[in-house]
Amino acid sequence: MTKDSPSPLQGIDALRARFEQQSRKAQAYYSVMHEMRAISGSDEAASAWMEHPLAAFDGRTPAQLIAEGRVDEVLGHIHTLR
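So, a few notes on the structure that sits alongside this text.

Parameters at a glance
Counting of residues starts from 1 at the beginning of each chain's written sequence and follows it residue by residue. Only residues with pLDDT of at least 70 are given local features in this predicted model, and only at 80 or more are side-chain atom pairs given and counted; all residues enter the totals for whole chains, interfaces and linings. The side-chain numbers reported here are obtained from all heavy atoms of the structure, hydrogens and water having been left aside. Secondary structure elements are taken from DSSP: a helix is a run of H or I of four residues or more, a strand is a run of E of two residues or more, and numbering for both begins at the N terminus. The quantity called the radius of gyration is restricted to C-alpha atoms. Its globule counterpart is 2.2 Å times the number of residues to the power 0.38. The buried label goes to any residue with under 20% of its type's maximum accessible area, the exposed label to any with over 50%, and the partly exposed label to all in between, with areas taken from a 1.4 Å probe on protein chains only. In this analysis, two residues are considered to be in contact whenever any of their non-hydrogen atoms come within 4.5 Å of each other. Residues grouped as a nonpolar core are buried Ala, Val, Leu, Ile, Met, Phe, Trp, Tyr and Cys residues, joined through side-chain atoms within 4.5 Å. Each direction from the helix axis to a C-beta atom contributes to the arc, which is the arc of those directions. Any Lys or Arg side-chain nitrogen found within 4 Å of a carboxyl oxygen on Asp or Glu counts as a salt bridge.

**Focus on the overall build of the protein chain**
Argument step 1. Of regular secondary structure, the protein chain possesses four helices and zero strands.
Argument step 2. When the elements of the protein chain are put in sequence order from the N terminus, they spell out α-α-α-α.
Argument step 3. Against the 2.2 N^0.38 benchmark of 12 Å for 82 residues, the protein chain shows a C-alpha radius of gyration of 18 Å, more extended than a compact globule.
Argument step 4. With respect to the principal axes defined by its C-alpha atoms, the protein chain has extents near 60 × 25 × 20 Å.
Argument step 5. In the protein chain, which comprises 82 residues, the share counted as buried stands at 23%.

**Considerations on the side chain of threonine 61**
Argument step 1. If you trace the backbone, threonine 61 turns up in the loop between helix H2 (43-50) and helix H3 (62-67).
Argument step 2. Since its relative accessible area comes to 9%, threonine 61 is described here as buried.
Argument step 3. Those residues in contact with threonine 61 that lie beyond four places of it in its chain are Met50, Glu51, His52 and Pro53.

**Quick look at the nonpolar core**
Argument step 1. Judged by nonpolar contacts, the single largest core of 15 residues is most densely connected at Val32, Trp49, Met50, Ile66, Val71, Val74 and Ile78.
Argument step 2. Contributing elements (two or more residues each) for this core: helix H1 (8-40), H2, H3 and helix H4 (71-81).

**Some words on H4**
Argument step 1. Taken residue by residue, H4 has Val71, Val74, Leu75, His77 and Ile78 as its buried positions. Angular distribution of buried residues about the axis of H4 spans 155°; they occupy a single face of the element. Relative to its buried face, H4 has exposed residues pointing more than 90 degrees away, namely Asp72 and Thr80.
Argument step 2. On the buried face of H4, the contacting elements are H1, H2 and H3.

**Considerations on the pattern of salt bridges**
Two side chains carrying opposite charge are able to pair once their charged atoms lie near each other.
Argument step 1. The full count for this structure, using the stated rule, is six salt bridges.
Argument step 2. One salt bridge connects glutamate 68 with arginine 60, and the closest N-O pair in it is separated by 2.5 Å.
Argument step 3. Between arginine 70 and glutamate 73 there is a salt bridge whose closest N-O contact spans 2.8 Å.
Argument step 4. The partly exposed category is assigned to arginine 70, whose relative accessible area is 31%.
Argument step 5. Among the charged side chains, a salt-bridge network with shared partners connects Arg60, Glu68, Arg70 and Glu73.

The structure is reproduced here in structure tokens:
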């Protein structure tokens with residue numbers, strides 16, 4: 001290991017942080033899917049809804065908003081559909 005290269009612990013910490021970020025996104029996506037599945041009746045319908053551009057989101061998809069961390073907006077919209 002050279003003086004300028006990162007230590008193995010720094011690499012592990014960076015990997016852990018990236019994993020935690022991806023895990024939070026996956027959990028958010030799953031929670032929205034769960035709510036939408038309750039309304040739509042199937043995983044397939046919920047998945048199609050997630051990828052469909054919506055006027056309520058200025059033509060963006062629910063999946064795009066979730067990726068941006070705007071989960072509460074998407075869940076709020078779902079609750080208006082009930």
